[in-house]
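# Working through the structure, step by step
This is what each chain is made of:
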Amino acid sequence: MRPVHHLRRPWWPARVPLRWKIAALAAATAGLVALAVGALVHVWTAIDVRDRAEMEATNTVYSSMDVYRRTGTLAGGAELDPAELPTALRHPTDDERRVAHDGRVEGNLGPSVWGAQRVGGPGSPVLAVRINMSPQLHDLRRLDASMAVASLLSLAAALPLAVYGAGLVARRLRRVAETAARISAGDLDARTGPALGRARGRDEVTDIAATVDLMADSLGRRLRTERQFTADVAHELRTPVGGLLAATDLLPAGETEDLLRARVRDLRGLVEDLLEISRLDAGAEAPVRARVPLAAVVAEAVARTGLDTDVSVTEAPQAPQAPQAPVVDSVGVVETDPRRLERIVGNLVINAHRHGRTPVRVTVEGRTVVVRDHGPGFPADLLLDGPRRFRTGATERGAGHGLGLTIALGQARVLGAELRLDNAPDGGAVATLRLPR
């Protein structure tokens, strides 16, 4: 047996809301802009500080040299052959002013710019001036700190606005998604509403909402057309099929008469199924409720199918009642429409025999009815998408027009019951009907 390797779960959540993605993108964009602006301001300011220091050193050397040559005194902080003078400025050519940067820090003197010029011919001393850039560099650091604080404050102020704006977009998209989900579930009257479909400022979300509404309108028209066509065909076929069934009574008894009668009876059942589906689709069905014993109704429905089916009744456990509690229903008595309940159970039993294999068992427990066969089970697409009319699913489950489960689900919705289709772990199809309280 191959070892099972457990994959480590990623640290990030499986689903991140769109509003937080947009807010994070806006925050990252604002941070990059602030970083770029801060870097440009820092570089430009540093270049300006250096250029000003070089210009000041050059002007100071020029003025100090002029004073020295006229009066023989040193002015403007000038020195002759200072020991700290950079090597590059110790041998300047005659009348040539040079500047050099000195990054050494000595006491209160930080990075500096030296300006130097020889006072006479070759071998004469060098007059040098040192311009300290510490104040300017300190101002540059204060400017950097101010830019950082301003960027953080701007980011802190912009982030809630980005979250709010992203939330507005996310809510609109969520409403469109909810409407699309309702349409997919069969609610073709669902619409995104005028707030999204006819917004003042048209954008992509508005276009999506309008497209979803148009899609629902188109699907609704097509479905209504198909339902009307089914109902019209069923109504038109009902009279000639009835005439055929009556005409079979005039045939002489024999194998031909029996075969023809069986086929006409099948055709009549198909027409009645189509009429029933058209009424269910139109929402024209309403239950006529009565208090009936569930087990007896189920047994009667199974007996009417004429198929060999095991029926078992299991009493559900009853919760203890408080002394002041109202009187509850008798055990096994439900309030429902018995005719529709018999229709559901009968269709499930016939479907189990037609598409499954024996033994077919029907179990009644409390308000739950379970019909199970031991065939290949329901196909995967039926479990995923539900039953479809005129389609039975997998070929191994036999042939048929696929209306039995469709009618059972429609009648269950009329009763407010839940009909769940599933496959048993050891094989076979399982249909579970839970009646409402």
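Below is a summary of the structure that appears in this document. If you're wondering where the values come from, they're calculated on a predicted model, not measured in any experiment. (Residues numbered from 1 in each chain as written. Predicted model: local features only at pLDDT ≥ 70, side-chain atom pairs only at ≥ 80, totals over all residues. Heavy atoms only, no water.)

### Some points on the overall build of the protein
- The helix and strand tally for the protein stands at nine helices and eleven strands.
- Sorting the 437 residues of the protein into buried and exposed places 31% on the buried side.
- Considering only contacts in the protein between residues 6 or more positions apart, those separated by 24 or more positions represent 62%. (Helix = DSSP H or I, 4+ residues; strand = E, 2+ residues; numbered from the N terminus. Buried < 20%, exposed > 50% of the residue type's maximum accessible area, 1.4 Å probe, protein only. Contact = heavy atoms within 4.5 Å.)

### Examining the nonpolar core
- Core analysis: the largest hydrophobic core is formed by 32 residues, its most contacted members being L294, V298, V345, L348, V369, L419 and L433.
- Counting residues per element, this core draws most heavily on helix α7 (residues 338-355), at six residues.
- For L348, the residues in contact, after removing those within four places along its chain, are V371, L405, A408, L419 and A431.
- Core analysis: the second largest hydrophobic core is formed by twelve residues, M65, A78, V113 and V119 among them. (Core = buried A, V, L, I, M, F, W, Y, C linked by side-chain atoms within 4.5 Å.)

### What about the sheet that holds strand β4 (residues 126-132)?
- Taking strand neighbours across the sheet as the criterion, the four strands line up as β1-β4-β3-β2 in an open arrangement whose pairing is antiparallel. Each edge of the sheet is formed by a strand with only one pairing partner; in this case those strands are β1 (79-80) and β2 (98-102).
- Across two bridges, the pairing between β1 and β4 is antiparallel. Counterpart to E79 in the pairing with β4 is A128.
- Along the sheet, helix α1 (residues 18-71) makes contact with β1, β2, β3 (112-118) and β4, crossing β3 at roughly 35°. (Pairing = 2+ DSSP bridges. Axes fitted to C-alpha atoms, helices over the stretch in contact; angles between N-to-C directions.)

### Some details on the environment of T211
- With respect to the secondary-structure elements, T211 resides in helix α4 (residues 204-248).
- For the pair formed by T211 and T192, sequence separation is 19 residues and the distance between their alpha carbons is 9.9 Å.
- Within the structure, T211 has its side chain in polar contact with the backbone oxygen of D207 (distance 2.7 Å). (Polar contact = N/O pair within 3.5 Å; in protein donor to acceptor, adjacent residues only side chain to side chain.)

### Some details on the sheet that holds strand β6 (residues 310-314)
- The sheet built from five strands is open, its strands ordered β6-β8-β9-β11-β10 with mixed pairing. One side of each edge strand has no neighbouring strand; the edge strands of this open sheet are β6 and β10 (418-423). Averaged over all adjacent pairs, the angle separating strand axes in this sheet is 15°, with direction ignored.
- Helix α6 (residues 294-305) rests against β6, β8 (361-365) and β9 (368-372) of the sheet, and its axis sits at about 165° to β8.

### Observations concerning the pattern of salt bridges
- Under the criterion given, the structure shown has eight salt bridges.
- Linking D426 and R372 is a salt bridge whose minimum nitrogen-to-oxygen distance equals 2.6 Å. With D426 in the loop between β10 and β11 (429-434) and R372 in strand β9, this pair connects stretches of sequence that are 54 residues apart.
- Residue class for D426 comes out exposed when judged on its relative accessible area of 61%. (Salt bridge = Lys/Arg side-chain N within 4 Å of Asp/Glu carboxyl O.)

Bear in mind that shape data such as this cannot, by itself, settle questions of function.
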